[in-house]
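Here are the chains, one letter per residue:
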Amino acid sequence: ARPPAAGAHLDEHRHATLVLDASALVAAGLPAASADAFWPTLGYACGNLAQTRVPALTGIAHLRPTRDELKAFAAAFGTSGAAA
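Below or above, wherever it landed, is the structure these notes cover. Just so you know, these numbers come straight off a predicted model, no measurement behind them. (Residues numbered from 1 in each chain as written. Predicted model: local features only at pLDDT ≥ 70, side-chain atom pairs only at ≥ 80, totals over all residues. Heavy atoms only, no water.)

Topic: the overall build of the protein chain
Part 1: A tally of helices and strands in the protein chain yields three helices and two strands.
Part 2: The order of helices and strands in the protein chain, counted from the N terminus, is β-α-α-β-α.
Part 3: Across the 84 residues that make up the protein chain, the buried fraction comes to 20%.
Part 4: When contacts within the protein chain are restricted to residue pairs at least 6 apart in sequence, those whose partners lie at least 24 apart make up 79%.
Part 5: Here the protein chain has roughly 5,700 Å² of accessible surface; of this, 59% comes from carbon and sulfur atoms. (Helix = DSSP H or I, 4+ residues; strand = E, 2+ residues; numbered from the N terminus. Buried < 20%, exposed > 50% of the residue type's maximum accessible area, 1.4 Å probe, protein only. Contact = heavy atoms within 4.5 Å. Areas by Shrake-Rupley, 256 points an atom, 1.4 Å probe, with all protein chains shown as cover.)

So this is what it looks like as structure tokens:
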């Protein structure tokens, strides 16, 4: 079955409508980027702030998250956000 041609399945609905800059959080070391809780905590906070908006997260590219860290981020984001 194909996904519906609506919502986040369409390119035009995936453009950021909110910019979240995490550089100050990362600079402060809260929590340490190497800690297991960092990515899920960041994902939860971003989802909570974004709600139905599509966020662009800045200030973390240099951390180079692993696939598992991105999965943890996305799972927590989906838990607290309302993005479709």
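So, next bit.
Here we look at the nonpolar core
Part 1: Counting twelve residues, the largest nonpolar core consists of Leu18, Leu20, Ala22, Val26, Phe38, Trp39, Leu42, Cys46, Ala50, Ile60, Phe73 and Phe77.
Part 2: Breaking this core down by element, the ones donating at least two residues are strand 1 (18-21), helix 2 (38-50) and helix 3 (67-80).
Part 3: Once you skip the residues sitting within four places of it in the chain, Ile60 turns out to touch Ala22, Val26, Trp39 and Leu42. (Core = buried A, V, L, I, M, F, W, Y, C linked by side-chain atoms within 4.5 Å.)

Structural notes on helix 3
Part 1: Taking 1.5 Å of rise per residue, the 14 residues of helix 3 would be expected to cover 20 Å, and the 20 Å separating its terminal C-alpha atoms lies within 8% of that figure.
Part 2: Along its buried surface, helix 3 packs onto helix 2 and strand 2 (55-58). (Expected span 1.5 Å × (residues − 1).)

A look at the packing of aromatic side chains
Ring pairs (aromatic) are described by centroid distance and by the angle formed between their planes.
Part 1: On inspection of all chains with the given rule, the structure shows two aromatic pairs.
Part 2: Between the aromatic rings of Phe38 and Trp39, the centroid separation amounts to 4.9 Å while the plane-to-plane angle is 90°, which identifies the pairing as edge-to-face.
Part 3: For Trp39, a relative accessible area of 3% puts it in the buried group.
Part 4: Taken together, a centroid distance of 6.3 Å and an interplanar angle of 20° make the contact between Phe73 and Phe77 stacked. Residue Phe73 and its partner Phe77 are located together in helix 3, separated by four residues, close to a single helical turn. Of the two residues, Phe73 and Phe77, neither departs from the other in class, the shared state being buried. (Phe/Tyr/Trp six-rings, centres within 6.5 Å; stacked < 30°, edge-to-face > 60°.)

Considerations on the packing of helix 2 against helix 3
Part 1: Running from amino to carboxyl end, helix 2 crosses helix 3 at an angle of 35°, the nearest separation of the two axes being 7 Å. Considering only the axes of helix 2 and helix 3, their crossing is right-handed. Where helix 2 abuts helix 3, its residues Trp39, Pro40, Leu42, Gly43, Tyr44, Cys46, Gly47, Asn48 and Ala50 lie against Glu69, Ala72, Phe73, Ala76, Phe77, Thr79 and Ser80.
Part 2: Looking at the contact of helix 2 with helix 3 residue by residue, the class counts come to ten nonpolar, five polar and one charged. (Axes fitted to C-alpha atoms, helices over the stretch in contact; angles between N-to-C directions. Left-handed = near helix turned anticlockwise from the far one by under 90°. Nonpolar A, V, L, I, M, F, W, Y, C, P; charged D, E, K, R; others polar.)

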